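Summary of the model geometry
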Amino acid sequence: MTKQQANWSPYDNSGGSCVAIAGADYCVIAADTRMSTGYNILTREYSKICKLADKCVMASSGFQADVKALQKQLAARHLIYQHQHNKQMSCPAMAQLLSNTLYYKRFFPYYSFNVLGGLDNEGKGCVFTYDAVGSYEKVGYSSQGSGSTLITPFLDNQLKSPSPLLLPAQDAVTPLGEAEAIDLIKTVFASASERDIYTGDKIEIVVVNADGIRREYMELRKD
Amino acid sequence: MNFMASKQPENSLLGPEADSQRTLYPYVTGTSVVALKYKDGILMAADMGGSYGSTLRYKSVERMKSIGKHSLLGASGEISDFQEILRYLDELILYDNMWDDGNSLGPKEVHNYLTRVMYNRRNKFNPLWNSLVLGGVKNGQKYLGTVSMIGVNFEDNHVATGFGNHLARPILRQEWHENLSYEDGVRLLEKCMRVLLYRDRSAINKLQIAKITEEGTTISRPYSLKTYWEFSAFANPAQGAVGTW
């Protein structure tokens, strides 16, 4: 008798898209609020964005249970860091921690596609983009999730990313103002929800700048 | 020569012998649970069937149970795993009571605990084959959440498991609103359960509706819904499509 194969999968794609854009003195992180499974919508009001530290915010799409577990892990590690160092973790430090946490489960990965955004130690915007096993890179903007294939080319066009092959390396942080970046985010999500069935309902936009963190929302198509 | 091979504890899931202990598929299952928030708390409904594949084996299964002072748990999926979860929760509530400090676990906390249990079992490739609905009220705050067998969890104004997601949620999205009265809430739930009864083959016409408010939990006596089978389209289904069955 042949060995029985599992007829269930430990993974499921909860869908959704995330975007982050870094500016000279701000960072915008956005994600839609739809949570799906297969062709069903489970809920229209689920936040994919998590504040990890004072100036560091993460948006993740993928398998919701893994995303939640990852957020909890990072929050716990941040608390320990605060106890040991008596200060908040900087965004680049959190970026490295996230990479290490993801690679730790290299052989049973967190199915979580992350963008980390915030201000670095000089107050300049920074965005880090990840794959599911922790490979990461500091970039000027990024998008992950089900709508990323629709969003990234548009951002490439609008934000005129310098070639990564240039020497000396050129920073891709956008010269756009905060309001223009937010407008771009709204445009990009409105477009993605037209064609990606997993993106829609509402966008949650988080802005990190010298004054702190603020949140705004925008309605999207519900179909 | 045996180089002092490391010995596994008895309950470990490592090694080929342990494969026989991992859940492969469910045996006795319950179908949908539907729940919604209303003015005073949460209303939840589930039928009382326990199916053994396509056989309707058990007809008096209580798939909703009160947990502690503030929560109500409904489950679909494997009934024995639901009973196991009730044992876990018994212990949780017991330890909570033993502190005797005037504090008690609210629905948010119980939901979080259940999420962690389900996720950790999924991590060990030995899931509890259930979709759970957890509702409750504490200090005036209403809470309604759900967890799946792989740990996917969220809270919302109305939730459903299994077929309920396909058939009941659309009705709830159309007709649910804030501050439903008790009567309207029950009417809405019964509408959902009736659709499920007509269209879900594992549903039976014997259900309970549970209500949880700040004052406490009440689970109704089992009762059945009125149904109508004389629609002309059903009387002669092949009329418009000769040769169909």
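Residues numbered from 1 in each chain as written. Chains lettered and ligands numbered in written order. Predicted model: local features only at pLDDT ≥ 70, side-chain atom pairs only at ≥ 80, totals over all residues. Heavy atoms only, no water.

Quick note on the threshold: UniProt positions are given in the numbering used here, feature names are shortened, and annotations may be inferred rather than shown by experiment.
Identification of chain B as Proteasome subunit beta from Hibiscus sabdariffa is taken from an unreviewed UniProt entry. In the Function (unreviewed entry) part of its UniProt record, chain B is described as follows: "Non-catalytic component of the proteasome."

Per an unreviewed UniProt entry, chain A is named Proteasome subunit beta, and its organism is Hibiscus sabdariffa.

**What to know about the overall build of chain A**
Basically, it comes down to this: A run of H or I in DSSP counts as a helix once it spans at least four residues, and a run of E counts as a strand once it spans at least two, with each numbered from the N terminus. To get the radius of gyration, use the C-alpha atoms; to get the globule rule, take the number of residues to the power 0.38 and multiply by 2.2 Å. Under the scheme applied here, a residue whose accessible area is under 20% of the maximum for its type counts as buried, over 50% as exposed, and between as partly exposed, the area being computed with a 1.4 Å probe on protein chains only. For the area figures, the Shrake-Rupley method with a 1.4 Å probe applies, and any residue is considered shielded solely by the protein chains shown. For the charge count, each Lys or Arg is scored as positive and each Asp or Glu as negative, with His and the chain ends excluded. Just so you know, the charge point we use is NZ for Lys, CZ for Arg, CG for Asp and CD for Glu.
A count of helices and strands for chain A gives four helices and twelve strands. Since a compact globule built from 223 residues should have a radius of gyration of about 17 Å, the 17 Å found for chain A is in line with a globular shape. Taking the principal axes of the C-alpha coordinates as reference, chain A spans close to 65 × 45 × 35 Å. Every one of the 223 residues in chain A was classed for burial, and the buried ones make up 52%. Taken as a whole, chain A presents about 10700 Å² of accessible surface, with 53% of it coming from carbon and sulfur. Averaged over its 22 positive side-chain charges, chain A has a centre that lies 6 Å from the centre of its 23 negative ones.

**Some thoughts on the packing of helix 3 (residues 163-175) of chain B against helix 4 (residues 182-199) of chain B**
Packed helix pairs are specified by the crossing angle of their axes together with the interaxial distance, meaning the distance between the axes. All names here are of chain B. Quick note on the threshold: To get an axis, fit a line to the C-alpha atoms, keeping to the stretch in contact for a helix; angles then go from 0 to 180 degrees between the N-to-C directions. In this scheme the handedness of a crossing depends on how the near helix is turned from the far one: anticlockwise by less than a right angle means left-handed, clockwise means right-handed. Any two residues whose heavy atoms approach within 4.5 Å are treated as being in contact.
Their axes nearest at 10 Å, the elements helix 3 and helix 4 cross at an angle of 145°. The handedness of the crossing between helix 3 and helix 4 comes out as right-handed. Within the contact between the two elements, helix 3 uses Phe163, Gly164, Leu167, Ala168, Ile171, Leu172 and Glu175 and helix 4 uses Leu188, Lys191, Cys192, Val195, Leu196 and Arg199.

**Observations concerning the packing of aromatic side chains**
Aromatic ring pairs are reported here in terms of the distance separating the ring centres and the angle at which the planes meet. Our working rule: Only Phe, Tyr and Trp rings are paired, with Trp represented by its six-membered ring, and only when their centres lie within 6.5 Å; those with planes under 30 degrees apart are stacked, over 60 edge-to-face, the remainder tilted.
Here the structure, examined in full by the defined rule, presents twelve aromatic pairs over all chains. Between tyrosine 130 of chain A and tyrosine 136 of chain A, the ring centres sit 5.3 Å apart and the planes meet at 5°, which makes this aromatic pair stacked. Among the residues examined, tyrosine 130 of chain A registers a relative accessible area of 2% and is labelled buried. Residue tyrosine 136 of chain A is classed as partly exposed on the basis of its relative accessible area of 31%. With 4.9 Å between their ring centres and 90° between their planes, tyrosine 228 of chain B and phenylalanine 231 of chain B make a pair best called edge-to-face.

**Here we look at the packing of helix 1 (residues 64-85) of chain A against helix 2 (residues 91-104) of chain A**
All names here are of chain A. We count it as follows: Any angle from 65 to 115 degrees is called roughly perpendicular, while one under 35 is roughly parallel, one over 145 is roughly antiparallel, and all others are oblique.
For the pair helix 1 and helix 2, the least separation of the axes is 11 Å and the interaxial angle reads 130°. Viewed along their axes, helix 1 and helix 2 adopt a mutual orientation that is oblique. As for how helix 1 packs across helix 2, the hand of that crossing is right-handed. Of helix 2, the residues touching helix 1 (which contributes Leu70, Gln73, Leu74, Arg77 and His78) are Met94, Leu97, Leu98, Thr101 and Leu102.

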